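Topology and contacts: notes
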Amino acid sequence: MINEKESSGKNNFIHQQIEKELQEGKNQGRVHTRFPPEPNGYLHIGHAKSICLNFGTAEKYGGLCNLRFDDTNPEKEDVEYVDSIMEDVHWLGFDWGDRLYYASDYFGKLYEFAVKLIQEGKAYVDDQDAETISSQKGTPTRPGIESPYRSRSIAENLDLFERMKNGEFEEGSRVLRARIDMASPNMHMRDPILYRILKTPHHRTGDQWVIYPMYDFAHGQCDFWEGITHSICTLEFEVHRPLYDWFIDQLTEDNYRPRQIEFARLNLSYTVMSKRKLLELVKNNYVKGWDDPRMPTISGLRRRGYTPESIRNFAERIGVTKVDGMIDVTLLEHSVREHLNKTSHRVMGVLDPLKVVITNFPEGVTEELEAINNPEELEAGTRLVPFSRELYIEREDFMENPPSKFFRLAPGREVRLRYAYFITCNEVVKDASGEITELRCTYDPASKGGNSPDGRKVKATLHWVSAPHAVESEVRLYDRLFTVEDLFVEKERDFKEFLNPDSLVVLPKCYLEPSVKGAPALTHYQFERLGYFNVDPDSTPEKPVFNRTVQLKDTWAKEKNR
RNA sequence: UGUCCUGUGGUGUAAUUGGCAACACGUCUGACUCUGGAUCAGAAGAGUCCAGGUUCGAGCCCUGGCAGGACAACCA
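A few points on the structure. (Residues numbered from 1 in each chain as written. Chains lettered and ligands numbered in written order. Predicted model: local features only at pLDDT ≥ 70, side-chain atom pairs only at ≥ 80, totals over all residues. Heavy atoms only, no water.)

**Notes on the overall build of chain A**
Assigned secondary structure in chain A consists of 14 helices and 25 strands. Computed over its C-alpha atoms, the radius of gyration of chain A comes to 31 Å, more than 25% above the 24 Å expected for a compact globule of 562 residues. Across the 562 residues in chain A, those meeting the buried criterion constitute 52%. A sequence separation of at least 24 residues applies to 71% of the contacts in chain A between residues at least 6 apart. Carbon and sulfur atoms form 48% of the exposed surface of chain A, whose accessible area is close to 25600 Å². Taking the 75 positively charged and 91 negatively charged side chains of chain A as two groups, their mean positions are separated by 4 Å. (Helix = DSSP H or I, 4+ residues; strand = E, 2+ residues; numbered from the N terminus. Rg over C-alpha atoms; globule rule 2.2 N^0.38 Å. Buried < 20%, exposed > 50% of the residue type's maximum accessible area, 1.4 Å probe, protein only. Contact = heavy atoms within 4.5 Å. Areas by Shrake-Rupley, 256 points an atom, 1.4 Å probe, with all protein chains shown as cover. Lys, Arg positive; Asp, Glu negative; His and termini not counted. Charge placed at Lys NZ, Arg CZ, Asp CG, Glu CD.)

Here you go:
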């Protein structure tokens, strides 16, 4: 959680600008933002940054934030995406109230506006095909040339545009263009296309329209009609701003103007953030779906075990600037650990079981030992954990020939079983191949509860599970999806070449303490000494499935690798 | 050979608008601990892309460079 001290006095450049405007009395003190996704994919952590910025900014200045679907391209969009986007925004903890809009709500007004531009001689119908128009556009360093249709009469343009709307022409045969400046140093001002013919049914308007406005012709006007004051978008739209302003200037003579402000999109190490690439991973089954826990999507992170709080704190921590950079995933991981450490219940679970027999503990007896649910929040209470003669411990918690820095169980060494007893290893049982199959230990009955009877110390406390009481579970371990930190520097090669083959490891047979039985999907736990895990929706009453959200920090692992 | 944007510890951000470069993550010590977690205490790490200039004083202002990015979809 980010406290006041950390967040105060750290205004990003957008908030600084807003505060300046507020002092000047601009927009009558109104702050109104919008989050405008195109419903052509699932939201990802980069969108979360934008959501937190837009909704957070409105919240901070007592303003409003709309949710608006930028649905001007029926070929890529779908209601499935609309639904998931609304779910994800809500899950993150934001609400748009009754301000749910669609660019398609404005198709009628946009059409009228286009007609007005034609009447003013500021737009024309171009009969050329895409290739020809593109070739006349010039390059960033060379001016374009004017279309032969540029100076058609207003009456002819009006007639043609109406017939475009009425479906009289084929897709691609005509477009409506703004008449601005083919020699502009800004490519977007070289008679940009306003409308194109598309005969694909739209997910909301069906076949009512066969002409669709382009992004540039829709976005700013929607902002204007909704009373948006700050239209926050990502850096790549910077060069669109003159066009954005040009349309608004044609629309109104008011003082009120929505202002486009650009910030740097989020780049996370070891992952991809483009919807195109994410879609490719899903479509070609490199992952199991948009909500695969390895995906950087909101739904993937949710299933992985991230909490809304952790994502919002992350967004706050990374800040907002115009500098293109790369955020280390470990910062995201830190954010979940921080939140889950405070909130999740502790539980014991053994992922790679090694059987331990307590030779001096009676057979057929079960003891119930009290364990603390969350040492960070004692009000969470305690639970009883069964203990018996046969247990499982983590295989890596035992070494037959331990190096000096290894504090855990070894032959002749005494350690504590958490909340249970001190045990000493007396015998190592192996199979024919030499693999350790069982440890035979004795316990000190006087150390019940894990308290040293005579003040003697042990260097390690191990987690364990009683064998006859263990809940057999599947546990899925995740690692980064890609093997390289920055996919962008490898843009010459197909990004799929860098997929991490070990991004998912399934452990089919893990043993967990019985208290996890029946926990609903998405319940968070800390498996003591291992990490944070949560219940996967694939769980059945017979066989729970857990996802590892993130490991605990592990200084031994670091030591081991030296 | 254009227009626009951006350069601050390893990473991400800050610097009261000209006043000893601060914070978080990470790293390294140490303390504490029934999680090698958490917590606590401390340390190292940049002189702000470069070169000039203005100024008592520049990360901030001016000039000139350099580097990186965006823009040539009937995508958003």
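**Examining the packing of helix α5 (residues 107-119) against helix α8 (residues 215-226)**
Each pair of packed helices gets described by two things: the angle between the helix axes and the distance between those axes. One can describe the packing of α5 onto α8 by two numbers: an axis separation of 11 Å at closest approach and a directional angle of 110°. Relative to α8, the element α5 is oriented roughly perpendicular. Relative to α8, the crossing made by α5 is right-handed. Between α5 and α8, the contacting residues are Lys-109, Leu-110, Phe-113, Ala-114 and Leu-117 on the first element and Phe-217, Ala-218, Gln-221 and Trp-225 on the second. Its residues assigned to classes, the contact of α5 with α8 comprises 7 nonpolar, 1 polar and 1 charged. (Axes fitted to C-alpha atoms, helices over the stretch in contact; angles between N-to-C directions. Parallel < 35°, antiparallel > 145°, perpendicular 65-115°, else oblique. Left-handed = near helix turned anticlockwise from the far one by under 90°. Nonpolar A, V, L, I, M, F, W, Y, C, P; charged D, E, K, R; others polar.)

**Topic: unusual backbone geometry**
Although it is not a glycine, Gln-28 sits at a positive phi angle of roughly 50°. Phi angles above zero are rare outside glycine, and Arg-529 is one such case at about 70°. In this fold, Arg-529 is placed in the loop between β23 (524-527) and β24 (531-535). For Arg-529, a relative accessible area of 32% corresponds to the partly exposed category.

**Quick look at the protein's contact with RNA strand B**
Within the structure, RNA strand B sits among 70 residues, and Arg-346, Arg-408, Arg-416, Gly-449 and Gln-526 are positioned closest to it. In RNA strand B, atoms within 4 Å of the protein come 63% from sugar and phosphate. Of all the secondary-structure elements, those providing two or more residues to the surface near RNA strand B are α6 (130-135), β6 (193-197), α12 (308-318), α13 (329-343) and α14 (555-560). Of the residues belonging to the surface near RNA strand B, the class tally is 23 nonpolar, 23 polar and 24 charged. (Near = heavy atom within 4 Å.)

**Section: the pattern of salt bridges**
Pairing is possible between side chains that carry opposite charge, provided their charged atoms lie close to one another. Taken as a whole and assessed by the stated rule, the structure comprises 53 salt bridges. Lys-496 is the partner of Glu-280 in a salt bridge, and the nearest nitrogen-oxygen pair spans 2.5 Å. Of this pair, Glu-280 sits in helix α10 (residues 275-283) while Lys-496 sits in the loop between β21 (471-478) and β22 (504-512), and the two are 216 residues apart along the sequence. Of the two residues, Glu-280 and Lys-496, both sit in the buried class. (Salt bridge = Lys/Arg side-chain N within 4 Å of Asp/Glu carboxyl O.)

**Overview of the sheet that holds strand β3 (residues 100-102)**
The parallel open sheet is built from 3 strands, whose spatial order is β1-β2-β3. Of all the strands in the sheet, just β1 (32-35) and β3 have a single pairing partner and so form its edges. With direction set aside, neighbouring strand axes in the sheet form an average angle of 35°. Contacting β1 and β2 (64-69), helix α3 (residues 45-60) runs over the sheet at an angle of about 160° to β1. In the packing of α8 onto the sheet, contacts are made with β1, β2 and β3, and the angle to β2 comes to roughly 140°. (Pairing = 2+ DSSP bridges.)

**Here's the deal with the pairing of strand β25 (residues 545-551)**
With 6 of 7 residues buried, β25 lies mostly within the body of the structure. Examined bridge by bridge, β21 and β25 share 3 bridges and lie parallel to one another. Among the inter-strand pairings, Glu-474 is bridged to a residue of β25, identified as Val-545. By the bridge criterion, 5 bridges tie β24 to β25 in an arrangement that is antiparallel. Paired with Gly-531 across the strands is Gln-551, a residue of β25.

**Here's the deal with the sheet that holds strand β19 (residues 461-462)**
The strand order across the open sheet built from 7 strands is β19-β16-β17-β18-β12-β15-β20, with neighbouring strands paired in mixed fashion. Of all the strands in the sheet, just β19 and β20 (464-466) have a single pairing partner and so form its edges. Where strand β16 (residues 414-417) and β19 come together, 2 bridges link them in parallel fashion. Pairing of Leu-417 across the sheet is with Leu-462, part of β19.

**What to know about the pairing of strand β8 (residues 230-234)**
Within β8, 5 of the 5 residues are buried, which leaves the element mostly enclosed by the surrounding structure. Judged by which residues are buried, β8 turns out to be covered on both faces: His-230, Ile-232 and Thr-234 on one side and Ser-231 and Cys-233 on the other are all buried. Pairing of β8 with strand β9 (residues 259-263), which is carried by 5 bridges, proceeds in the parallel orientation. Note that in β9 the partner of Ile-232 across the bridge is Ile-261. A crossover connection joins β8 to the parallel β9 through helix α9 (residues 241-251); in handedness this β-α-β unit is right-handed. (Right-handed = clockwise from strand over helix to strand, strands pointing away.)

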